[in-house]
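A look at the structure
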Amino acid sequence: MDSHERLIVDDLLMRKVDEVNYLVATNVALYRPIVRLFHQRYESGETGWLWPAEVAAFIRAHHPHHPGYTDDECEAHLKQLEAWGVLTSEHDVNQARTIEEFVRAARRYQISETARIIEEMLVRLAGQDGSRGSLDTTRLTRLRDALFDLGRVLAELDLARASHDTLRQVEGLWNAADDARREMREQALRYMRELEHDRMPTASDLVVFLQYKRMLRDYLDEFALGLKDFVERTRDLFEDWAVSGLDVRLALALARNERERKGDLRAEDEVRAVFEGQIRALRVFSARGGDAEILHAKTTARVRGLVEQIERVVTERRNTLNRSRDLRLLAQAFRRAQTDDDAHRLASVAFGWGTPRHMRAYNADAAAELDPGASVWLQPPWDVELRARVRGNPNFRAVTPMEDRSLQKAELRARVLEQKRAETRFWDSVFRDGELVLDGLALRSAGDRSRVVRLVRDCLRAPDRHVRLPDGSRVQILPPDDAQSIAEIAAPDGYLYVRAFRLRRTEGMR
């Protein structure tokens, strides 16, 4: 199994991350300020070691809910953080003169590397303004331009003679394309996620509501059309890359740039495999069923939902309809109903429900206790015998086995294949020298003459005077040097006189 095909669930992924336990622990209101203090101390460039007394003094001075925080409580919390791997500690043995003093020496603490990275991520998340993403089509244009520029550079690239400047150019275009793809995907998914929970203007102000919906629909329409155009163009581009081998050349160029310019000491195959995975991810983005099609489907579905919502609001306003108001009035009417019969009649008028009596006709002798004049829902339950329902075709008699036609199909395929081979042998014999001169041509049968005549006819009808044969080769008809010259085609049943055309076959297109 290749490295890019390994299972994503490995032993490392299943390991419990104890370093984040302090974020959801019971004393999170104390743990987080303590860890933030250690992180700030580390980021300030000072020594990252802190004594429990220093941490306790910081909490008492800055935490509004723990002014009486003691040193013993702080030391217990620091030991718990150390057990989770958030902090590391050591004995301060600089002043110890005996073994007893060494054992009793106080411990000082500092933040671990894993916890520092986690806290740095929390700081960065807290500092963000909460970007909700966007569907900016300029990212699509940027990605498409980078891919086209990259294709032009790769088409002219001689990998054996490529200089470092050329490799740097390939790397820059590739980074621009990959960054644009990643940014567009993240921004689009974030926008769609936020749009599902967006608090839109209410329909109370119809003008503002319709203006907002129209602007949002135009925005989504523009992105959907741009995304569809991008997918169609880049899909053809990637197919051309695969046919001409430009994707392999790109991976080799990026691997060579990584090893020669950046000094990567890994094996060439390992470096190339990494870039092949990135190129494959970019191709999957535009492939059928990829991220681009998923985004397009979500966008068009959102547009349809907006159109339906706008139509419903306009219809309700035009016809003075208000569903919420009607339901409130109906609820008040049900509340004012004096008896159950009044409520039944109101339900019959409002919802088309009649007073329920029974589901099917029943035998009064079998259930004499059931009152036919009252609602069945107000009477005690009674048993109904269930009978097995007969399903299927009532006119079914027997199963007729299907005749095995595999032998006939195989014979038909063999005959068709033999006909194709005979056709190929005939044209190979006619175009033995690559060019067929009609004048003086002698054929074995009238059927062969009909084949040649049909080929001449099809070539004359074609706009470019070219016809493709069943074997994939192309035939071009050429006019005679002398416009008055006549060709004689011989066959067992007589002669055929036509203009002295010449037919040239191109074997390279087979």
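Scroll up a little and you will see the structure.
Residues numbered from 1 in each chain as written. Predicted model: local features only at pLDDT ≥ 70, side-chain atom pairs only at ≥ 80, totals over all residues. Heavy atoms only, no water.

1. Let's talk about the overall build of the protein chain
- When helices and strands are tallied, the protein chain shows 16 helices and nine strands.
- Buried positions account for 29% of the 510 residues belonging to the protein chain.
- Considering only contacts within the protein chain whose residues lie at least 6 apart along the sequence, 64% involve residues at least 24 apart.
- A total accessible area of about 34600 Å² is found for the protein chain, and carbon and sulfur atoms account for 51% of it. (Helix = DSSP H or I, 4+ residues; strand = E, 2+ residues; numbered from the N terminus. Buried < 20%, exposed > 50% of the residue type's maximum accessible area, 1.4 Å probe, protein only. Contact = heavy atoms within 4.5 Å. Areas by Shrake-Rupley, 256 points an atom, 1.4 Å probe, with all protein chains shown as cover.)

2. Side note on the packing of helix α2 (residues 28-43) against helix α4 (residues 71-83)
- Two elements in contact, α2 and α4, have axes separated by 11 Å at closest approach and are oriented at 75°. Classified by the angle between their axes, α2 and α4 sit roughly perpendicular to one another. When α2 is examined against α4, the residues L30, Y31, I34, V35 and F38 are found in contact with a partner set consisting of H77, L78, Q80 and L81.
- Residues of the contact of α2 with α4, tallied by class, amount to seven nonpolar, two polar and no charged. (Axes fitted to C-alpha atoms, helices over the stretch in contact; angles between N-to-C directions. Parallel < 35°, antiparallel > 145°, perpendicular 65-115°, else oblique. Nonpolar A, V, L, I, M, F, W, Y, C, P; charged D, E, K, R; others polar.)

3. Things to note about the packing of aromatic side chains
- According to the stated counting rule, one finds three aromatic pairs in the structure shown.
- Note on Y31 and W84: the rings are 5.4 Å apart at their centroids and 80° apart in plane angle, and the pair reads as edge-to-face. One end of the pair, Y31, is in helix α2; the other, W84, is in the loop between α4 and β1 (87-91), and 53 residues separate them in sequence.
- A residue is classified by how much of its surface remains accessible, and Y31, at 5% relative accessible area, is buried.
- A residue is classified by how much of its surface remains accessible, and W84, at 17% relative accessible area, is buried. (Phe/Tyr/Trp six-rings, centres within 6.5 Å; stacked < 30°, edge-to-face > 60°.)

4. Thoughts on the sheet that holds strand β9 (residues 502-506)
- Spatially, four strands are ordered β3-β9-β6-β5 in an open sheet, and the strand pairing comes out antiparallel. Bordering the open sheet on either side are β3 (435-437) and β5 (466-468), each of which pairs with just one other strand. On average, adjacent strands in this sheet sit at an angle of 20° to one another, irrespective of strand direction.
- Bridge analysis of β5 against strand β6 (residues 474-478) gives three bridges, and the strand direction is antiparallel. Its bridge partner lying in β6, R468 is registered against R474.
- Running over the sheet, helix α16 (residues 446-461) touches β5, β6 and β9 and is turned about 80° from β6. (Pairing = 2+ DSSP bridges.)

5. Considering a negative patch on the surface
- The grouping of D136, D218, D221 and E222 at the surface amounts to a negative patch.
- For D221, the location among the structural elements is in helix α9 (residues 206-244). (Patch = residues over 30% accessible without salt bridge, like charges linked within 9 Å, V, L, I, M, F, W, Y side chains within 5 Å. Salt bridge = Lys/Arg side-chain N within 4 Å of Asp/Glu carboxyl O. Lys, Arg positive; Asp, Glu negative; His and termini not counted. Charge placed at Lys NZ, Arg CZ, Asp CG, Glu CD.)

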